[in-house]
Amino acid sequence: MAKLALINKQERRKKQVSKYAKKHDAIKSKMSVTAMPEERIEAMKKMAKMPRNANKTRLRNRCAITGRSRGFLSMFGLCRQQVRTLASEGKLPGVRKSSW
């Protein structure tokens, strides 16, 4: 089980990303290659003043059950250990243990 502080930090980041998403996209569009150099510099300064956690690259996928960040399988939204245990118990529909 991941530390509760790390899980809470991730939730705060998600909220901040959604709060600043429109503003971030608007500023990012002004930083295009075809823009005038002065406009790009102004847009870069505005982007630098935004909170770091407002960028969606700061988000980390976490297991819905344990909060583990490593071994995350996006198909299930779980870490590999939880996928294995739930699949063994037959609680994941359409998943079964392979044997040959």
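Thresholds, definitions, all that
Residues numbered from 1 in each chain as written. Predicted model: local features only at pLDDT ≥ 70, side-chain atom pairs only at ≥ 80, totals over all residues. Heavy atoms only, no water. Buried < 20%, exposed > 50% of the residue type's maximum accessible area, 1.4 Å probe, protein only. Helix = DSSP H or I, 4+ residues; strand = E, 2+ residues; numbered from the N terminus. Arc of directions from axis to C-beta. Patch = residues over 30% accessible without salt bridge, like charges linked within 9 Å, V, L, I, M, F, W, Y side chains within 5 Å. Areas by Shrake-Rupley, 256 points an atom, 1.4 Å probe, with all protein chains shown as cover. Salt bridge = Lys/Arg side-chain N within 4 Å of Asp/Glu carboxyl O. Lys, Arg positive; Asp, Glu negative; His and termini not counted. Charge placed at Lys NZ, Arg CZ, Asp CG, Glu CD. Expected span 1.5 Å × (residues − 1). Bend = angle between axes of the 7 residues up to and from the residue.

J.: Quick rundown of helix α3 (residues 80-88)? Include the residues and the values.
T.: Residues of α3 that are buried include every one of Q82, V83, L86 and A87, and no others. Buried residues of α3 fall within an arc of 125° about the axis and therefore sit on the same side. Opposite the packed face of α3, turned more than 90 degrees from it, sit the exposed residues R84 and S88. Immediately beyond the C-terminal end of α3, within one or two residues, lies G90, with a positive phi of roughly 80°.

J.: I'd love a proper account of a positive patch on the surface, names of residues and values included.
T.: Taken together, the side chains of K9, R12, R52 and R58 make up a positively charged region of the molecular surface. Mapped onto the elements, R12 comes out in helix α1 (residues 4-30). On the basis of relative accessibility, which here comes to 53%, the residue R12 falls in the exposed class.

J.: Talk me through α1; I want residue IDs and the actual numbers.
T.: If you check α1, its first and last C-alpha atoms are 38 Å apart, about what 27 residues at 1.5 Å a residue would give, namely 39 Å. At A21, α1 shows its largest bend, some 55°. Taken together, the buried positions of α1 are I7, Q10, R13, V17, Y20, H24 and I27.

Honestly, that's just the spatial picture; any functional story needs more than this.
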